[in-house]
Amino acid sequence: MLVSMLLVASSLYCAFGTLSGGEVRFWISLCITSLIGIAFLKLYIQNEQEFADIKRELGEHLDDNSKVSRYFLKFCPIPAIIADETGKVLAKTKVAGDILPELKDLKMLGVPVDFNGLPADSSGVMSSFDWEHYRVDYFTAANPGETGKHFIFLFFNDLSEAHTLREEAAENRNFAALLHIRFDERFFYEKDSRQRELIVRIEKTAEKFFEKHNGLMKRLSDSSYFAVLSEKDLRSMSEKDYLNFLEELHRTHSSDRPLFSVSLGIGRGGSSLRESEAIARDAVRISQDQGGDHVIISGSMQDTGYICYGSGNADTVLNDVGYQSKIKRFSTELLKHIADSDNVIIMGHRNSDMDAVGAAAGLGGTLRDMGYSANVYINRNNNVSKALLERLDKNESKVQELFLDEEAALEAVNENTLLIIVDTRNVNLVDSKRIFNKAEKVIYIDHHKTKPDEDINKSEKHIADYQNIGASSASEIVTDIIRYLNPQTPLSRYYAEALLAGIKLDTVKFSKKTSSNTFKAAAYLSALGADNREIDRLFDNSEFTNRIIEKFKSAVENYNNYAIACLDDESFRRNTSVSDEEVKKAVQKLLEAQNSDSDMSEKELKKSAFDSIAKEKLENMSVAAAQAANDLLNTNDINASFAVFRIGKNAVKISARSEGTASGGANVEDIVKRLGGGGNINQAAAVINDKSVDEVCGMLKNALDEYDTAMKPI
């Protein structure tokens, strides 16, 4: 730059020198200009030479990199791909070209990776995804040529050999099978030699079956056998193999009627043989519950996809399996929610009956035995299960720790408390609205239908539920849940009695709304020590209750084959009035309980005694009404029965009972819903305010007329 400026300046100097006429000055200027020009030319040539050398050296380097790149893309044994930031494929190794010849865009791989959203530079961080039998590792790197642009590098690792080895390992994995023979009582009438002969035949048939499929069998007893089978052999066995095995076993005797039933359970899962055996044992139990003669294959204790082969009632077994699967699935989900919570509060519905109390106490006791922080709230001042609560208080030593009053329960509730509600899903019927409102997480377990606008699962608090309107009671459902929650630790006898009392209440001592599962649950509770005689005593009515039942029955009216028993206001006042003598006796009991040392005045003592007696009579009135409605169903040609009575100064209640539509009766839930009530097909109730008993009876008859009209065929 400086040389150029000097050259221009000397040229101007020569020009001005010539114009001024100085010849000497001109030649001097010309020489200077020439020298400067020669220097400029030499400098230019030198710069050009240096540039050429740099360009040549750079070209040599570029040629070397290009050779290396071409060599890598051609001979690299790993499938690799280079793409731009849009996913467009720029280059791929020869191996990648062989397996993906048509790949032009990474989107064509069809994997859930947003290649357009990958960062411009992952700083060497590598991610991966699975594609067919490959694990694809990929990372991104910035393009130094353009800001914001980047390359995507993908490497395909062939895992087919690993998959093959894993598959071979899986095929060689061993699982447990349990074969159980249940002998009919007629078998034991056979001669000893005949019994032994049959057992030997059974054993040989079983050995032949397992040996045919490369299994090993060991006899545990004359009726139980343990076997080990591999996954490979299990896959090769068809339904025909299992059915032939069952048929061959029954050909071992010549009697017209089978002398035994067979249950084969296969635990096709479990991390060990011990766990697989537990799964197989559970499968055997399901077969036995349905009378046996089945092969049931299960993948896990939580499996919902049983495979069942066997006798003509296999569909029934699968129906039972479906029910058991739902219980298992819910039990697993429930346990997860419990484990994730700080503590658990369980409660039922207002005016709790033995079903609500039994379900709550049974579930709460189980959770405490399992080591969880669980408590039960029951409004002891407003329930119809005092006899059951008194039995629990008297005999179960842990009841004081289990049950909380409302204030203590409210104090225990925090943002991570799980509230479990049993025997209702109606938000307006929960035993404590304050506890419900404070809890953040709610699960319900119920067997009733509910109006959609009152359903707990409409609440944001609701996180899970189990509802089975086919179950007899909440206690039946909870019994099944307990069997899966804690199968190892036996439930306290007194909690088992509470659950059985709940089942007996809602089935009217097994006379209504029962299923095979109801009796299985009852048998399980009896096996835990539940005493049926003691439970029946809980249902013994007081003299007062029996008198009210007879009052209802004497007032019954047959209205179009519906039994309606209305206890008029006068009968209500007469039977719920409290005499001075009753108050005096109650005060005396209070003083005796406090060792004659009471802080209350005489007036307060009398008021407390009066309120207690009046409340107890009102509760007995409700019990009597329900019992009367049940008894009235035994009348011929009655579709449903209703007991109508006053429960307070401004409220009248209807207790409704039916055998159910399947037995030709009416749907009492549908009927009382027309009066603002609810319940289920067999049992329902409604409370109507600001009406007399006569007015409510008239409203009930109108509802019955509407129901009959709706039920008439078009």
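Residues numbered from 1 in each chain as written. Predicted model: local features only at pLDDT ≥ 70, side-chain atom pairs only at ≥ 80, totals over all residues. Heavy atoms only, no water.

### Observations concerning the overall build of the protein
So, step 1. Along its length, the protein carries 24 helices and 23 strands.
So, step 2. A total of 714 residues make up the protein; the buried ones form 45% of that total. (Helix = DSSP H or I, 4+ residues; strand = E, 2+ residues; numbered from the N terminus. Buried < 20%, exposed > 50% of the residue type's maximum accessible area, 1.4 Å probe, protein only.)

### Looking at the pattern of salt bridges
So, step 1. Here the structure, examined in full by the defined rule, presents 26 salt bridges.
So, step 2. Lys 701 is paired through a salt bridge with Glu 557; the nearest N and O atoms lie 3.2 Å apart. Separated by 144 residues along the polypeptide, Lys 701 in helix 24 (residues 693–711) and Glu 557 in strand 18 (residues 556–559) bring together distant segments of the chain.
So, step 3. Overall, the relative accessible area of 22% leaves Lys 701 in the partly exposed class.
So, step 4. A single salt-bridge network, built from bridges that share partners, covers Arg 391, Arg 493, Glu 497, Asp 531, Arg 533, Glu 534 and Arg 537. (Salt bridge = Lys/Arg side-chain N within 4 Å of Asp/Glu carboxyl O.)

### Some thoughts on the confidence of the model for the protein
So, step 1. On average, residues of the protein carry a pLDDT of 79, and 77% of them reach 70 or more.
So, step 2. Summarising per-element confidence for the protein, the mean pLDDT is lowest in helix 1 (residues 2–19) (54) and highest in strand 12 (residues 343–347) (96).
So, step 3. Throughout residues 57–64 the model reports pLDDT below 50, and contacts reaching past four residues in sequence, or to other chains, amount to zero contacts. (pLDDT = per-residue confidence, 0-100. Contact = heavy atoms within 4.5 Å.)

### Digging into the sheet that holds strand 2 (residues 89–92)
The pairing of strands in a sheet comes from backbone hydrogen bonds and takes either a parallel or an antiparallel form.
So, step 1. Read from one edge to the other, the open sheet built from five strands follows the order 2-1-5-4-3, with strand pairing classed as antiparallel. What marks the edges here is a single partner per strand, and that holds for strand 2 and strand 3 (127–131). Along the sheet, successive strands turn relative to each other by an average axial angle of 25 degrees, direction set aside.
So, step 2. Pairing of strand 1 (residues 80–84) with strand 5 (residues 150–158) involves five bridges; the strand directions are antiparallel. (Pairing = 2+ DSSP bridges. Axes fitted to C-alpha atoms, helices over the stretch in contact; angles between N-to-C directions.)

### Observations regarding the packing of helix 10 (residues 354–369) against helix 15 (residues 474–485)
So, step 1. Interaxial distance between helix 10 and helix 15 falls to 8 Å at its minimum, and their mutual angle equals 10 degrees. Classed by the angle they form, the pair helix 10 and helix 15 counts as roughly parallel. When helix 10 is examined against helix 15, the residues Met 354, Asp 355, Gly 358, Ala 359, Gly 362, Leu 363, Thr 366 and Leu 367 are found in contact with a partner set consisting of Ala 474, Ser 475, Val 478, Ile 482 and Leu 485.
So, step 2. When the residues that make up the contact of helix 10 with helix 15 are grouped by side-chain class, the tally is eight nonpolar, four polar and one charged. (Parallel < 35°, antiparallel > 145°, perpendicular 65-115°, else oblique. Nonpolar A, V, L, I, M, F, W, Y, C, P; charged D, E, K, R; others polar.)

### What to know about the sheet that holds strand 12
So, step 1. Spatial ordering of the open sheet is given by 14-13-12-15-16-17, a layout of six strands whose pairing is parallel. Looking at the sheet topology across the chains shown, the edges are occupied by strand 14 (403–404) and strand 17 (462–467).
So, step 2. Where helix 10 meets the sheet, its contacts fall on strand 12, strand 13 (374–377), strand 14, strand 15 (417–422) and strand 16 (441–446), and the angle it forms with strand 13 comes to roughly 165 degrees.

### Some details on the nonpolar core
So, step 1. Within the largest apolar cluster, 54 residues are counted, with the highest numbers of intra-cluster contacts made by Ile 346, Leu 392, Phe 403, Ile 420 and Ile 445.
So, step 2. Considering every element that reaches this core, the biggest residue donor is helix 16 (residues 493–506), with eight residues.
So, step 3. In this structure, Ile 346 is in contact with Ala 360, Leu 363, Gly 364, Leu 367, Asn 375, Val 376, Tyr 377, Ile 420 and Val 422, ignoring residues within four places of it in sequence.
So, step 4. The next biggest cluster of nonpolar side chains, apart from the first, holds 29 residues, and it includes Phe 175, Phe 210, Met 237 and Val 262. (Core = buried A, V, L, I, M, F, W, Y, C linked by side-chain atoms within 4.5 Å.)

### Brief notes about the state of the cysteines
So, step 1. Throughout the structure, instances matching the rule amount to one disulfide.
So, step 2. One disulfide in the model links Cys 566 with Cys 697; its S-S distance is 1.9 Å. Looking along the S-S bond of the Cys 566-Cys 697 disulfide, the torsion reads about -125 degrees, which is the left-handed sense. You can see Cys 566 sitting in strand 19 (residues 562–566) and its partner Cys 697 sitting in helix 24, a full 131 residues away along the chain. (Disulfide = S-S within 2.5 Å.)

### Description of helix 5 (residues 192–212)
So, step 1. With 21 residues, helix 5 should reach 30 Å at 1.5 Å per residue; the first-to-last C-alpha distance of 30 Å fits that figure.
So, step 2. The complete set of buried residues in helix 5 reads Arg 194, Gln 195, Leu 198, Ile 199, Ile 202, Thr 205, Ala 206, Phe 209 and Phe 210. Summarising the axial view, the buried residues of helix 5 lie within an arc of 135 degrees, below the 170-degree limit, and thus occupy one face. Those residues of helix 5 that are exposed and angled more than 90 degrees off the buried face are Asp 192, Ser 193, Lys 204, Lys 208, Glu 211 and Lys 212.
So, step 3. Against the buried residues of helix 5 lie strand 6 (174–183), strand 7 (216–219), strand 8 (224–230), helix 7 (239–250) and strand 9 (260–267).
So, step 4. With its phi angle positive at about 60 degrees, Asn 214 sits one or two positions after the end of helix 5. (Expected span 1.5 Å × (residues − 1). Arc of directions from axis to C-beta.)

### Describing the packing of helix 10 against helix 11 (residues 386–395)
So, step 1. At a minimum axis distance of 9 Å, the contact between helix 10 and helix 11 shows a crossing angle of 30 degrees. By the angle between their directions, the pair helix 10 and helix 11 is classed as roughly parallel. Along the contact surface, helix 10 presents Met 354, Val 357, Gly 358 and Ala 361, while helix 11 presents Leu 388, Leu 389 and Leu 392.
So, step 2. Taken together, the residues that form the contact of helix 10 with helix 11 break down as six nonpolar, one polar and no charged.

### Some thoughts on the packing of aromatic side chains
The description of two aromatic rings rests on the distance between their centres and on the angle between their planes.
So, step 1. Within the structure shown, the criterion is met by 17 aromatic pairs.
So, step 2. Each ring, one from Phe 115 and one from Tyr 138, has its centre 6.4 Å from the other, and the planes form 65 degrees; the classification is edge-to-face. Here Phe 115 is found in the loop between helix 3 (94–99) and strand 3, whereas its partner Tyr 138 is found in strand 4 (residues 134–142), with 23 residues between them in sequence.
So, step 3. The exposure class of Phe 115 is buried, given its relative accessible area of 3%.
So, step 4. Centroid distance Phe 183 to Phe 260: 6.2 Å. Interplanar angle 70 degrees. Geometry classified as edge-to-face. Separated by 77 residues along the polypeptide, Phe 183 in strand 6 and Phe 260 in strand 9 bring together distant segments of the chain. Assigned by exposure class, Phe 183 and Phe 260 land together as buried.
So, step 5. An aromatic cluster is present here, built from Phe 139, Phe 151, Phe 153 and Phe 155 joined pairwise through their rings. (Phe/Tyr/Trp six-rings, centres within 6.5 Å; stacked < 30°, edge-to-face > 60°.)

### With respect to the environment of Ala 83
So, step 1. Residue position: Ala 83 is located in strand 1.
So, step 2. Along the sequence, Ala 83 and Phe 151 sit 68 residues apart, while their C-alpha atoms lie 5.7 Å from each other.
So, step 3. Residues in contact with Ala 83, not counting those within four places in the same chain, are Lys 88, Val 89, Leu 90, Leu 106, His 150, Phe 151 and Ile 152.

### Considering helix 16
So, step 1. The end-to-end C-alpha distance of helix 16, which contains 14 residues, comes to 20 Å, matching closely the 20 Å that a straight helix rising 1.5 Å per residue would cover.
So, step 2. By the criterion of burial, helix 16 is predominantly enclosed, with twelve of the 14 residues buried.
So, step 3. Every buried residue belonging to helix 16 is among Tyr 494, Tyr 495, Ala 496, Glu 497, Ala 498, Leu 499, Leu 500, Ala 501, Gly 502, Ile 503, Lys 504 and Asp 506, and all of these are buried.
So, step 4. Count one or two residues on from helix 16 and you reach Val 508, which has phi positive near 50 degrees.

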